[in-house]
Amino acid sequence: MLINMNQMLEIAKENHFAVGAFNVADSNFLRVVIEAAEENDAPAIIAVHPTELDFTKDEFFQYAVSRAKNSTVPFVIHMDHGDSLASIMRGIHCGFSSVMIDGSLLPFEENIALTKEVVDVCHKIGVSVEGELGTIGNTGTSVEGGVSEVIYTKPEDAQEFVERTGIDSLAVAIGTAHGIYPKDVKPALKMDVLTSIKEKVAIPLVLHGGSANPDEEIAKAVQIGIQKVNISSDYKYAFYKKCREILATTELWDPNAIYPECIAAAKEVVKQKMELFHSINQAKVYRQANIQPWRQEQN
């Protein structure tokens, strides 16, 4: 079942769990996310970065949308880190039910203006909008980018940003980074910042850069009030680690001989994240609530 982010995160918020947003870069990763969600009866978000959409091409997501719509578990197909109204509209034309507009590197007023412009367009057709305030770090190992020094989200700014833009969810900066952390770097999330934001902002909160952080920190963030956690590097790393092992020890060349073990390795990581977010067996909550499939609303 394809739903939008409002439908997804309202239920998560009411029932005190988070939903994983897993970046999909090809058909193997789409299989990983959908099959892991179905096997564990867990809701999931299929996230697509603009560079991933450039690689997979728009037509691929005709299949992704169809696959999600015909599943028994709820999915959102989400544009991750859209950087302009044009990139947002591309996702919408592909059938995405949710978008993120990332104006986090802009001055505060410009971020508000860009985000509100996207909200005004998307809300007319029932597409949910995520905004971002503050910056996510960059380990140098991800296509999603980031900055060398994190700018933490200020709680008072978050309140104003939400009120003036009308966004449906807010990505906050509390010390995470995109990618896999180097061995000499130990991430430490500022839970006091998250707690202060939660006290001022009622909409669902999002944690970007969820890979490679200590499980106890992610679990604590979910307990405080994170409803969506973005995961990309962790499960892709597991996929290609297994792929390298196979290719280093065999002369295989058929994808159907190489990839099954890689898919299984990535699914193990996705399941572990779902356990961490308390989303396993939560798809039934959406069915019990009689959540209806999402359709773009036309004026």
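If you're wondering where the values come from, they're calculated on a predicted model, not measured in any experiment.

Colleague: Any chance you could break down the pattern of salt bridges for me, citing the residues and the numbers?
Modeller: Counted under the stated rule, the structure contains 14 salt bridges. The residue K273 makes a salt bridge to D234 at a minimum N-O spacing of 2.7 Å. In this pair, K273 is assigned in helix α11 (residues 255-277) and D234 in helix α10 (residues 233-249), connecting sequence segments 39 residues apart. Assigned by exposure class, K273 and D234 land together as buried. A single salt-bridge network, built from bridges that share partners, covers R31, E35, E39 and K267.

Colleague: How would you sum up the UniProt feature "binding site: Zn(2+) 1" (unreviewed entry) in the protein? Please name residues and give values.
Modeller: In the numbering used here, UniProt assigns the "binding site: Zn(2+) 1" (unreviewed entry) feature to H81, H178 and H208. Looking at the secondary structure, you find H208 in the loop between β9 (205-207) and α9 (215-224). Here H81 takes part through its side chain, which lies 3.1 Å from a polar atom of the side chain of H208.

Colleague: If you had to explain the packing of aromatic side chains to someone new, which residues and values would you point to?
Modeller: Tallying each qualifying case throughout the model produces 11 aromatic pairs. Judged by centre distance (4.8 Å) and plane angle (50 degrees), the rings of F29 and F239 are tilted. With F29 in helix α2 (residues 27-39) and F239 in helix α10, the pair connects residues that are 210 residues apart, well separated along the chain. Centroid distance F108 to F161: 6.4 Å. Interplanar angle 45 degrees. Geometry classified as tilted. Linking F108 in helix α6 (residues 108-122) with F161 in helix α7 (residues 155-165), this pair joins segments that are 53 residues apart in sequence. Overall, the relative accessible area of 22% leaves F108 in the partly exposed class.

Colleague: For α11, give the residues involved together with the corresponding values.
Modeller: Relative to the 33 Å expected for 23 residues at 1.5 Å per residue, α11 spans 32 Å between its end C-alpha atoms, a close match to the ideal helical length. For α11, every residue scored as buried is listed here: I258, C262, I263, A265, A266, K267, V269, V270, K273, M274, L276 and F277. Turning to α11, the residues buried within the fold contact β1 (19-23), α2, β2 (44-48), α9, β10 (226-231) and α10. Backbone geometry just downstream of α11 places H278 in the positive-phi region, at approximately 65 degrees.

Colleague: Quick rundown of the environment of A86? Include the residues and the values.
Modeller: Here A86 lies in helix α5 (residues 85-93). Take A86: its relative accessible area is 59%, and that puts it in the exposed class.

Colleague: Help me get a handle on the UniProt feature "active site" (unreviewed entry) in the protein, residues and values and all.
Modeller: Following the UniProt record, one finds the feature "active site" (unreviewed entry) at D80. Side-chain polar atoms of D80 contact the side chain of N23, separated by 3.3 Å.

Colleague: Give a description of the confidence of the model for the protein that names residues and reports values.
Modeller: Residue-level pLDDT values for the protein average 90, and 89% of them are 70 or greater. Residue range residues 138-148 is modelled with pLDDT below 50. Its contacts to residues more than four positions away, or to other chains, number 34 contacts. Predicted confidence for residues 178-182 stays below pLDDT 50, and this span has 32 contacts to residues more than four positions away or in other chains.

Scoring rules and cut-offs
- Residues numbered from 1 in each chain as written.
- Predicted model: local features only at pLDDT ≥ 70, side-chain atom pairs only at ≥ 80, totals over all residues.
- Heavy atoms only, no water.
- Salt bridge = Lys/Arg side-chain N within 4 Å of Asp/Glu carboxyl O.
- Helix = DSSP H or I, 4+ residues; strand = E, 2+ residues; numbered from the N terminus.
- Buried < 20%, exposed > 50% of the residue type's maximum accessible area, 1.4 Å probe, protein only.
- UniProt positions renumbered as here; feature names shortened; annotations may be inferred.
- Polar contact = N/O pair within 3.5 Å; in protein donor to acceptor, adjacent residues only side chain to side chain.
- Phe/Tyr/Trp six-rings, centres within 6.5 Å; stacked < 30°, edge-to-face > 60°.
- Expected span 1.5 Å × (residues − 1).
- Contact = heavy atoms within 4.5 Å.
- pLDDT = per-residue confidence, 0-100.

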